[in-house]
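# Chain and residue survey
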Amino acid sequence: MKKEETVKLISAEGFEFIIDKNAAMVSQTIRNMLTSPGGFAETEHRQVTFPEISTTILEKICQYFYWSLQYASGKETEFHIEPELTLELMMAANYLHT
């Protein structure tokens, strides 16, 4: 995968997730951050920092992005969410418009 086809998502603890740009675009919020005109840092560096989203939650969100792409292409599989992550995950999903 070429570097220009990836996006770096950074959690509150500073952990970096490098994912496919198409997967990141599942989120309307991330899509807006990466495609907005005006030379924003996120657009230029293909990097988005989430100071309010923990590493555990951001990891699950990245998994969801890839699952969503598979689901959209016709591959129906189950997406498991641990009960203890549900509240934080719902809040993050609301923010990310996923």
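Cut-offs used in this document
- Residues numbered from 1 in each chain as written.
- Predicted model: local features only at pLDDT ≥ 70, side-chain atom pairs only at ≥ 80, totals over all residues.
- Heavy atoms only, no water.
- Pairing = 2+ DSSP bridges.
- Helix = DSSP H or I, 4+ residues; strand = E, 2+ residues; numbered from the N terminus.
- Axes fitted to C-alpha atoms, helices over the stretch in contact; angles between N-to-C directions.
- Contact = heavy atoms within 4.5 Å.
- Expected span 1.5 Å × (residues − 1).
- Buried < 20%, exposed > 50% of the residue type's maximum accessible area, 1.4 Å probe, protein only.
- Core = buried A, V, L, I, M, F, W, Y, C linked by side-chain atoms within 4.5 Å.
- Parallel < 35°, antiparallel > 145°, perpendicular 65-115°, else oblique.
- Left-handed = near helix turned anticlockwise from the far one by under 90°.

With mixed pairing, three strands are arranged side by side in an open sheet as β2-β1-β3. The open sheet has two edge strands with one neighbour each: β2 (16–20) and β3 (47–49). Taken pair by pair, the neighbouring strands of this sheet meet at an average axis angle of 20°, ignoring direction. For strand β1 (residues 6–10) and β3, the ladder comprises three bridges, and the chain directions are parallel. Within β3, the residue paired with leucine 9 across the bridge is valine 48. Lying on the sheet, helix α4 (residues 55–72) is in contact with β1 and β2; it crosses β2 at an angle near 5°.

Quick look at α4 now. Here α4 is 18 residues long and its end C-alpha atoms lie 26 Å apart, about the 26 Å a rise of 1.5 Å per residue gives. Taken together, the buried positions of α4 are Thr55, Ile57, Leu58, Lys60, Ile61, Cys62, Phe65, Trp67 and Ser68. Next to the buried residues of α4 lie β1, β2, α1 (21–24), α2 (28–35) and α5 (86–96). One or two steps after α4, the chain reaches glycine 74, where phi turns positive at roughly 105°.

As a further point, take the nonpolar core. Within the largest apolar cluster, 21 residues are counted, with the highest numbers of intra-cluster contacts made by Leu9, Ile19, Ile30, Phe50, Ile53 and Ile61. The element best represented in this core is α4, accounting for five residues. Discounting chain neighbours no more than four positions away, the residues touching leucine 9 are Phe15, Glu16, Phe17, Ile19, Ile30, Val48, Phe50, Leu58, Cys62 and Phe65.

Tracing the chain through its elements places cysteine 62 in helix α4. Sequence separation between cysteine 62 and isoleucine 18 is 44 residues; the distance between their C-alpha atoms is 9.3 Å. Cysteine 62 has contacts with Leu9, Phe17 and Ile19, leaving out every residue within four places of it along the chain.

Looking now at the packing of α4 against α5. It is the contact of α4 with α5, at a shortest axis distance of 10 Å, that shows an interaxial angle of 60°. In this view, α4 runs oblique relative to α5, as classed from their interaxial angle. Pair α4 / α5 crosses with right-handed handedness. Taking contact as the criterion, the partners of Ile57, Lys60 and Ile61 in α4 are, on α5, Glu88, Leu89, Ala92 and Leu96.

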